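Structural overview for review
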Amino acid sequence: MKRIIPALLAATLLAGLPAAAQDLGFTATQPLQMPKDVYFGEVAGVATNSKGDIFVYQRSGQPTMSLGGSRSFAHSGTQLLEFDPSGKFVREIGKDLYGFLVAQQVRIDPSDNIWVVDSYSGMIIKFDPTGSRVLMLLGRKPESIDVPEPPPRAPRGNALPGAGAQQDLFDAAADVAWDAQGNIFVADGIGVNTRIAKFTPDGVFVKSWGSKGSDQGQFSAAHSVQLDAAGNVYVADTGNHRIQVFDNDGNFKSSITGVGDPAALCMTKGPHQYLFSSNSNPVDNLDSGGEIYKLELSGSVAGKFGHVGKRPGEFGTVNQVDCRNPSTLYVAEIGNYRVQKLALR
Amino acid sequence: MKHFLTSAFAAALLLCAAGPALSQSAATAEATAPNLNYQAVPNFFKTPAGDYMGETQGIATNSKGDIFVFFRGNHSRLWEFDKTGKFVREIGKNYYGFLFAHSVRVDAHDNIWAVDEGANLITEFSPDGSKILTVLGHRPAVTDGAVATPHGPNPPDQNYTFCRPTDIGFDPQGNIFVADGYCNNRVVKYDSAGHFLAKVGGSAPGKGNEEFNLPHALQVDRQGNVYVADRTNNRYQVFDNNLKYKASYTNVGTAWSDCISTEGDHQYLFVSNSNPNGNGPGTWAKTGQIYKMELDGTVLGKFGHAGKLAPGFQVVHMMDCRNPNVLFEGEIESWRVQKFVLQPSK
């Protein structure tokens, strides 16, 4: 409660209305043109580069287990697609790549390198801007995958549940982000582990923080991570109905509440930064939620828009928001198998 | 002879209005229903060279006469043929929502709806099949691992997810009805935007009115009434538009699949007394025909018979009867689809 009051006060001052966020109007289009015989599946990720090219990381094709001796090997089922700024299909990147199993997120760094996060292979894969070369990997895909998965191993030593091992092995990685120095922050994430892991720009493990729980510094899930220009770390703590803010070393600073259950975050660039946060509906609920909030970094609500649904202009389990241009967003929907382009008024 | 006696006995019971205790595996209408004249159109479908159909679960036509066949290949495949039976295209190749085909239906706007009981997903494709317009349900996450039909009691049904859904239908207002399915036992109504409105049945199977044991197919008439093939209960249950019980038709056999004609002022109901999987001894004598009925349950006639070779039926799984005098059907155990021309009813 103590944490909510400042945010409410700030929102009240900003909008001039008590606790009622301004509803931002928008128009939605679906400009991406798929090539013949390629279909959208669960669109987990969408991101733009500095040229306006659009990258879509989606669960499609047919995830497949190959039975081999006593072990089963999982492959395919996920695609990374590139479109030009008009929405015209350009190419598929990483076709049949070893680490592509279940698409989770795609992010573009300030040098236009393409980073994808695959939750089932537990890998963060960095491609060059053309997508033709793999530059760096974090995590390692399990050699074989048992279905169903065996119960998780108990944490070693005194580690708390969800704290993960102090290294770059992820359980179900969810997101990746960078600070101004290029340090890498991985949300690990949406499986057994619920922690944020920090790496140097060269991929050397620095530290990780967080464990499973609802106290300050703990996560129900670390579903999305973004950083502001000052290096503060914003984590969508899905399930605990809050965004937790940490300094660059993982020290807890504050929580942002009153924005539903945050699942996808996007930090705008420029001198005045905003944080977009999606209160994404669970796939089995189409009766409430779905709105996206535009937040000041203080946590006050600058506005909100949209709601759950299947029609154009409605949202079905938004898993990523791209906000390179803060008034032209792209949203990737797991529930509606599409990417929508939103022009905010 | 034995078989004849059995059905004659059953028919006699029916005539005496003997009540609901009949064994329903044989169609009690069989002895009394007149035979309808019909002609098979042999080798109507021209499949692409070097490619094959599998279990042909679904078949449907659009307003232009194009025919869509949804079958089980290495995963679900959806093929389009033109009205002459010439192959046009494959739709949904490598699509995420295609695992194990069950039904395809075409709505009043010629959008194509594919029901996949492996992915627990229903997909609306644009009329040319190039775009996904709507998905209903959710394919279980790969990370959840393999979940077979649950042992023991089914988990509670959820408003927006399905458990091996079987079929879909639409009323004139565009509301959506889903038969769900092999592990839920219910019919769900959604508005045209996919919002939950009502349901009948639940996760547990049952025998009473408004209960199901494997709702396997459904169709909706112009008044918005819903006709559900309640397969394991060997009956069709009829509901009003709000899914309130109206009637049961129990005299037409195994209740695998139904179809309601849409061309012309008069709507007919076709139902299939499909021969059960496996072709057990004696089953062909009791099952196999397709019945033509009035919507009120009056049986007008029957045609066809079980058989391995065309034009016999090998577990009819779905029928298209847009034109009540031209019937398309898909069969599980022959991997084929067939076209029939029927004598019109007077």
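Residues numbered from 1 in each chain as written. Chains lettered and ligands numbered in written order. Predicted model: local features only at pLDDT ≥ 70, side-chain atom pairs only at ≥ 80, totals over all residues.

**Quick look at the overall build of chain A**
Looking only at helices and strands, chain A has 1 helix and 26 strands in total. On C-alpha atoms alone, chain A measures out to a radius of gyration of 19 Å, which is about the 20 Å that the 2.2 N^0.38 rule sets for 345 residues. By principal-axis analysis of the C-alpha atoms, chain A measures approximately 65 × 55 × 40 Å. Considering chain A as a whole, with its 345 residues, one finds that 48% of them fall into the buried category. Residue pairs at least 24 apart in sequence account for 48% of intrachain contacts in chain A once pairs closer than 6 positions are excluded. (Helix = DSSP H or I, 4+ residues; strand = E, 2+ residues; numbered from the N terminus. Rg over C-alpha atoms; globule rule 2.2 N^0.38 Å. Buried ≥ 20, exposed ≤ 12 C-beta atoms within 10 Å, placed from the backbone. Contact = placed C-beta atoms within 7 Å.)

**Structural notes on the overall build of chain B**
Looking only at helices and strands, chain B has 2 helices and 24 strands in total. Burial analysis of chain B (346 residues in total) assigns 48% to the buried set. When contacts within chain B are restricted to residue pairs at least 6 apart in sequence, those whose partners lie at least 24 apart make up 47%.

**Points about the sheet that holds strand β13 (residues 184–188) of chain A**
Residues and elements named next belong to chain A. Within the open sheet, the 4 strands sit side by side as β12-β13-β14-β15. Their pairing is antiparallel. The two strands at the open ends of the sheet, each matched to only one other strand, are β12 (173–178) and β15 (205–209). Taking each pair of neighbouring strands and ignoring which way they run, the sheet shows an average axis angle of 20°. Pairing of β13 with strand β14 (residues 195–199), which is carried by 5 bridges, proceeds in the antiparallel orientation. Following the sheet pairing, V186 is matched in β14 by A197. (Pairing = 2+ DSSP bridges. Axes fitted to C-alpha atoms, helices over the stretch in contact; angles between N-to-C directions.)

**Things to note about the pairing of strand β14 (residues 215–220) of chain B**
Residues and elements named next belong to chain B. Here β14 lies mainly inside the structure; 6 of its 6 residues are buried. The pairing of β14 with strand β15 (residues 226–230) spans 5 bridges and is classified as antiparallel. What sits directly across from P215, in β15, is D230. Where β14 hands over to β15, the hairpin turn is made up of 5 residues, of which G224 adopts a positive phi near 90°.

**Observations concerning the confidence of the model for chain A**
As a note on interpretation, predicted positions should not be read in detail where pLDDT is low. Averaged over every residue, the pLDDT of chain A is 91; the share at 70 or more is 91%. This stretch, residues 1–18 of chain A, has a pLDDT under 50; its non-local contacts, to residues over four places away or in other chains, come to 25 contacts. (pLDDT = per-residue confidence, 0-100.)

**A closer look at the confidence of the model for chain B**
Residue and element names in this part refer to chain B. Averaged over chain B, the pLDDT score is 91; the fraction of residues at 70 or greater is 90%. A low-confidence stretch, residues 1–24 (pLDDT under 50), is modelled with 21 contacts involving residues beyond four sequence positions or located in other chains. Scoring of the predicted complex yields 0.88 for pTM and 0.84 for ipTM.

**Some thoughts on the sheet that holds strand β4 (residues 76–81) of chain B**
All names here are of chain B. Ordered in space as β2-β3-β4-β5, the 4 strands form an open sheet in which the pairing is antiparallel. Across the chains shown, the open sheet's two edge strands, defined by having one partner strand only, are β2 (55–61) and β5 (87–91). Ignoring strand direction, the axes of neighbouring strands in this sheet form an average angle of 25°. Relative to β5, β4 runs antiparallel, the two sharing 4 bridges.

**Focus: the pairing of strand β26 (residues 338–344) of chain A**
Residues and elements named next belong to chain A. Note that strand β1 (residues 26–29) and β26 share 4 bridges and pair antiparallel. Note that in β26 the partner of T27 across the bridge is A343. Pairing geometry for strand β25 (residues 328–333) and β26, over 6 bridges, is antiparallel. When the bridges of β26 are listed, L329 appears paired with L342.

**A look at unusual backbone geometry**
Cis geometry is found at the peptide bond from D180 of chain B to G181 of chain B, where omega equals 5°. Cis geometry marks the peptide bond from A310 of chain B to P311 of chain B; its omega dihedral reads 5°. Positioned with a positive phi, D37 of chain A is a non-glycine residue whose angle comes to about 65°. Here D37 of chain A is to be found in the loop between β1 and β2 (42–48). Phi is positive for N120 of chain B, close to 55°, though the residue is something other than glycine. Mapped onto the secondary structure, N120 of chain B falls in the loop between β7 (112–116) and β8 (121–125).

**Observations regarding the environment of D191 of chain B**
Residues and elements named next belong to chain B. Turning to its location among the elements, D191 is positioned in the loop between β12 (185–190) and β13 (196–202). Using a count of 12 C-beta atoms within 10 Å as the deciding quantity, one classes D191 as exposed. Along the backbone, D191 and G174 are 17 residues apart, and their C-alpha atoms lie at a distance of 7.1 Å. Ignoring anything within four residues of it in the chain, the contact list for D191 reads N175 and L197.

**Topic: the environment of Y234 of chain A**
Residues and elements named next belong to chain A. Tracing the backbone shows Y234 in strand β17 (residues 233–237). On the basis of neighbour count, Y234 is assigned to the buried category, with 28 C-beta atoms found within 10 Å. Ignoring any residue separated from it by four or fewer positions in sequence, one finds Y234 in contact with V225, Q226, I243, V245, L265, M267 and L275.

**Remarks on the environment of L265 of chain A**
All names here are of chain A. Looking at where L265 falls in the secondary structure, it is placed in strand β20 (residues 264–267). Residue classification places L265 among the buried positions, given that 25 C-beta atoms sit within 10 Å. Put simply, L265 and P142 are 123 residues apart on the chain and 28 Å apart in space, counted from C-alpha to C-alpha. Not counting chain neighbours up to four residues away, the residues in contact with L265 comprise S224, Q226, Y234, A236, L275, F276 and S277.

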